[in-house]
Amino acid sequence: MEKYADILTVEKKEQEHRLHDLKNVHGRVVMRMAPSPSGPLHLGHSRMAILNDEYVKRYGGELILRIEDTNPQNIDPVAYTMIPEDLKWLNVNVTQTVIQSDRFELYYERARDLIGKGAAYMCTCEVDTFKDLLMKGKACPHRNNDPESNLEKFQEVVEGKNKDASPVLIIKTDIEHPNPSVRDWIAFRRIKGTHPRTGNRYTFYPMMNFSVAVDDHELGLTHVIRGSDHISNTEKQKYLFNYFGWEIPEYFHYGKISIPDSILKTSIIKKGIKDGIYSGWDDVKLQTVCSMARRGYQPETFRKYWIDSGLREVNAEFSWDIFNSINRLFIDPGADRYFFVKNPVSIKVENSPEINSRIPKYQGKPERGFREYHIKDSPELFITGEDLGNIKHGEKIRLKDLFNVRLENGIFRFSEIEPSKEKIKIIHWCPAGSKPFKIEKPDGTFDEGFIEPLAVNMNGIFQFERYGFVKKVSDDFGIYIHN
RNA sequence: GCUCCGAUGGUGUAGUCCGGUCAAGCAUAUCGGCCUUUCGAGCCGACGACCCGGGUCCAAAUCCCGGUCGGAGCACCA
C-alpha cells in the first residue's frame with residue numbers, strides 16, 4: 001500500500017501558500033516593525049509583525065522592534081510593556097528593541113547636518129500662510145536663509161527659547177513637486193506636553209518622516225514592508241536618503257486589510273475603557289491581541305492566516321470565517337466535549353429504566369475517556385428551551401448517548417435505549433446535579449444555562465456540543481470563542 | 001487640490017514579472033453523502049471566477065492602449 005501513497009500525493013499536488021520572495025536580497029536581511037505606543041497591538045498589527053518575522057526567518061537576519069514615541073500627545077505608557085508581551089505571545093522573534101525617545105540627540109545631530117548642507121530651514125510662518133504658499137508652489141520667505149542663521153535658530157529652539165513660538169524645521173524638496181504633500185515637508189515641530197519617558201527635557205520633536213528615515217538608515221535596514229498608506233511618505237523620506245547619500249532600503253507597500261466587526265482604534269478603545277463600556281484592553285468585545293489571546297485564539301492561527309492571505313498591494317477584507325476555521329484546526333484536537341444547556345428547562349421522563357450513561361469526551365478517541373452518569377429511573381433532566389419549543393407533539397427524539405423519548409400530551413415517555421434506524425432529532429441534555437454556567441460572548445451579550453457536573457471543575461478550551469467552542473475560565477464562567 | 005495603487009467564484013487567495021503545462025489550483029462558506037448518536041473533526045461529491053472594449057500574437061488571466069469600477073493616502077499623527 002505504501003507505494004501508492006507517493007502517487008496519490010503527487011496527484012494531489014499540495015499547493016502550499018507561500019509568501020512571495022523579497023526583491024534584492026543579498027544575504028541576511030534587516031527588517032523592522034514600528035508601532036506607535038498608543039496602546040497594545042491589535043489584530044491588524046499582528047499582520048506586519050508576523051510577516052516581518054516570516055521573512056527574517058526565511059532569509060536570516062535581524063528583526064528590530066522600533067517603538068515610535070516621538071509624539072508625546074499620542075502615547076499610552078502601558079504600550080511600552082504590552083507591545084513586547086503581545087509580540088512574545090505571537091511568537092515573533094524580535095532581535096533588537098529601539099525606542100525613538102532615546103534617540104532625540106541623534107535626530108538633532110542629523111538635522112544640523114542637513115541644515116549645514118542647506119537642505120533644511122527654520123520657518124516661523126503661520127500654518128495657513130505656509131500651506132497657501134505650498135499649494136501655489138511658492139517658497140516661503142525663510143527658504144533662502146543661509147545655513148548659519150538656520151543653525152542658530154535651530155539651536156535656540158532646541159534649547160527651549162521662545163517657548164510660545166511655533167517654529168518648524170522644513171526639509172527642502174521640490175517646491176513645484178506635482179504632489180503638494182511632497183513639497184517642502186515639516187521635519188520638526190514644537191509640542192507642548194510631558195513625554196512619559198523624557199519628561200519636559202525636549203520640546204522640539206521630530207515628525208515621523210524624519211525619525212523614520214534617519215533610523216531606517218542608522219539601523220541598517222535592508223527591507224521595509226509597510227502599509228500602502230506610507231507610499232507618499234516613502235517618497236518624502238527618499239529626499240533625506242539622497243541628501244545624505246545613503247543607500248535606500250527595498251520598500252514594499254502592502255494593501256490595507258479592513259477587518260469587519262472590529263474595534264481597533266485606540267482612541268475609541270481608551271474612551272470606552274474610561275466610560276466603562278470595556279473592562280480593559282483585553283475586553284472580549286475588542287480585537288486586541290491580548291483580548292483574542294484571552295478568548296482562546298491561538299498564536300498559530302494568526303500566523304497561518306496572515307501567511308495564507310499573502311502580501312499583496314491590493315486591499316482586502318479580513319474573513320472571520322476563515323480565521324475561525326483555522327483556529328478550530330488548532331483548538332479542536334485538544335478540546336474535550338461537554339454538554340452546556342442554554343436557557344434550560346426541566347423535563348421529566350416517564351417510565352425510563354435506571355441507566356448509566358457513557359458519553360465519549362471526544363468522538364472517535366475512546367482513550368480520552370468518557371463522561372459517565374448514573375441516571376435514575378424516570379429522571380428529571382434539562383434540555384434547552386429552544387429544543388423543547390421545536391419538538392412537535394408525538395415526535396420521537398434522541399437524548400444524545402442516552403435513550404429515545406417521545407413527546408405525548410406534554411409528557412416525555414421513554415421509548416427505547418438503542419438508537420433508531422430512522423433519522424430523528426438528536427439533542428443534548430444535562431442530568432440532575434448540573435451547575436449554573438455563564439458564557440460571555442464577543443458581542444457583549446451573555447448566555448446562561450447549566451453545565452454537566454463533570455465539566456464544572458475543568459478549565460481550558462472545550463467544545464460544548466451543539467453550541468460552540470468555549471474557553472472555560474472558572475467553575476461557572478467561560479468565554480465564547482466561535483462555533 | 002494632488003499623488004498612488006489595484007481589478008481571479010459569496011469571501012480570502014495561487015497563477016500575472018519570464019504568454020502555451022490554466023477548459024484556472026487551494027482554503028473558507030453553502031448544499032448533499034459517508035462515519036454505531038454534535039450545528040464539531042475527518043473523508044467524498046456538488047456549486048461557483050479571470051471587470052469591459054480594442055490591440056499584439058499561431059496562442060493572452062498573463063503583454064500594450066482606452067474605459068469603467070473600486071481602493072489608499074498626503075498637506076506641523078504614526
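Our structure is the block above this text.
The following paragraphs examine the structure supplied in this document.

Next up on the list: the sheet that holds strand S3 (residues 96-99). Backbone hydrogen bonds are what pair the strands of a sheet, in a parallel or an antiparallel way. In spatial order, the strands read S1-S2-S3; together these three strands make up an open sheet with parallel pairing. The sheet is open, and its two edges are formed by strand S1 (29-33) and S3, each paired on a single side. For this sheet the average axis-to-axis angle between neighbouring strands, irrespective of direction, equals 25 degrees. When S1 meets strand S2 (residues 61-67), the two strands line up parallel, connected through five bridges. In the sheet register, Val29 faces S2, and the bridge partner there is Gly61. Relative to the sheet, helix H2 (residues 43-59) contacts S1 and S2, its axis offset from that of S1 by approximately 170 degrees.

The contact between helix H7 (residues 208-218) and helix H8 (residues 231-244) brings their axes to 9 Å, and the two run at 60 degrees. Taken as axis vectors, H7 and H8 run oblique relative to one another. Once H7 is placed against H8, the crossing between them reads as right-handed. Contacts between H7 and H8 involve Met208, Asn209, Phe210, Val212, Ala213, Asp216 and His217 from the first element and Asn233, Lys236, Gln237, Leu240 and Phe241 from the second.

Here the focus is the environment of Pro260. In this fold, Pro260 is placed in the loop between strand S10 (257-258) and helix H9 (266-275). For Pro260, a relative accessible area of 22% puts it in the partly exposed group. Separated by 59 residues in sequence, Pro260 and Ser319 have C-alpha atoms that sit 7.9 Å apart. Setting aside its immediate chain neighbours within four residues, Pro260 contacts Glu317, Phe318 and Trp320.

This next bit is on the protein's contact with RNA strand B. RNA strand B sits among 52 residues. The nearest are Lys131, Ser181, Val314, Asn315 and Arg398. Among all atoms of RNA strand B positioned within 4 Å of the protein, those belonging to sugar or phosphate total 71%. Contact distances for RNA strand B include 2.6 Å between a phosphate oxygen and a side-chain N or O atom of Lys131. A distance of 2.4 Å separates a sugar or linking oxygen of RNA strand B from a polar atom in the side chain of Ser181. Counting only elements with at least two residues in the surface near RNA strand B, the list comes to helix H5 (127-135), strand S6 (185-190), H8, helix H11 (299-309), strand S11 (316-317) and helix H12 (320-331).

Counted as a void, the largest pocket has a volume near 1,300 Å³. Around the largest pocket sit 40 residues that line it, and Ala34, His42, His45, Asp229 and His230 are the ones nearest its centre. Counting only elements with at least two residues in the lining of the largest pocket, the list comes to S1, H2, H7, strand S8 (223-227) and S10. Residue contributions to the lining of the largest pocket peak at four residues, all from H2. Tallied by class, residues from the lining of the largest pocket come to 16 nonpolar, 15 polar and nine charged. As for the second largest pocket, its lining consists of 23 residues, and the residues nearest its centre are Val127, Phe130, Lys131, Val168 and Ile186. When contributions to the lining of the second largest pocket are tallied by element, the ones reaching two or more residues are H5 and S6. Broken down by class, the residue content of the lining of the second largest pocket amounts to twelve nonpolar, four polar and seven charged.

With that settled, the discussion passes to unusual backbone geometry. In this structure, Asn343 takes a positive phi of about 40 degrees despite not being glycine. Position of Asn343 relative to the elements: it lies in the loop between strand S13 (340-342) and strand S14 (344-350).

For H9, the full list of buried residues reads Thr266, Ile269 and Gly272. The buried residues of H9 all sit within an arc of 125 degrees when viewed along its axis, so they share a single face. Seen from the open side of H9, the exposed residues pointing more than 90 degrees away from its buried face are Lys271 and Lys274. Gly276 occupies a position one or two residues after H9 and carries a positive phi of about 85 degrees.

Attention shifts here to the packing of helix H4 (residues 104-116) against H7. Where H4 meets H7, the closest approach of the two axes is 10 Å, and the angle between their N-to-C directions is 100 degrees. On the basis of their axis angle, the class for H4 and H7 is roughly perpendicular. Within the contact between the two elements, H4 uses Leu106, Tyr107, Arg110, Ala111 and Leu114 and H7 uses Phe210, Ser211, Val214, Asp215 and Glu218.

On to the sheet that holds strand S4 (residues 120-123). Pairing is antiparallel across the open sheet formed by four strands, whose spatial order is S4-S5-S6-S7. Two strands close off the open sheet at either side, each with one partner strand: S4 and strand S7 (204-206). Adjacent strand axes in the sheet meet at a mean angle of 30 degrees when their direction is disregarded. The pairing of strand S5 (residues 168-171) with S6 spans four bridges and is classified as antiparallel. Among the inter-strand pairings, Ile170 is bridged to a residue of S6, identified as Ile186. Each of S4, S5, S6 and S7 is contacted by helix H6 (residues 147-158), which is oriented at about 60 degrees to S4, the strand it contacts most.

Thresholds, definitions, all that
- Residues numbered from 1 in each chain as written.
- Chains lettered and ligands numbered in written order.
- Predicted model: local features only at pLDDT ≥ 70, side-chain atom pairs only at ≥ 80, totals over all residues.
- Heavy atoms only, no water.
- Pairing = 2+ DSSP bridges.
- Helix = DSSP H or I, 4+ residues; strand = E, 2+ residues; numbered from the N terminus.
- Axes fitted to C-alpha atoms, helices over the stretch in contact; angles between N-to-C directions.
- Contact = heavy atoms within 4.5 Å.
- Parallel < 35°, antiparallel > 145°, perpendicular 65-115°, else oblique.
- Left-handed = near helix turned anticlockwise from the far one by under 90°.
- Buried < 20%, exposed > 50% of the residue type's maximum accessible area, 1.4 Å probe, protein only.
- Near = heavy atom within 4 Å.
- Polar contact = N/O pair within 3.5 Å; in protein donor to acceptor, adjacent residues only side chain to side chain.
- 1 Å grid on protein atoms, 1.4 Å probe; cavity = no way out; pocket = protein on both sides within 12 Å on 5 of 7 lines; lining within 4 Å.
- Points joined across faces, edges and corners; volume = space filled by probe spheres on them.
- Nonpolar A, V, L, I, M, F, W, Y, C, P; charged D, E, K, R; others polar.
- Arc of directions from axis to C-beta.

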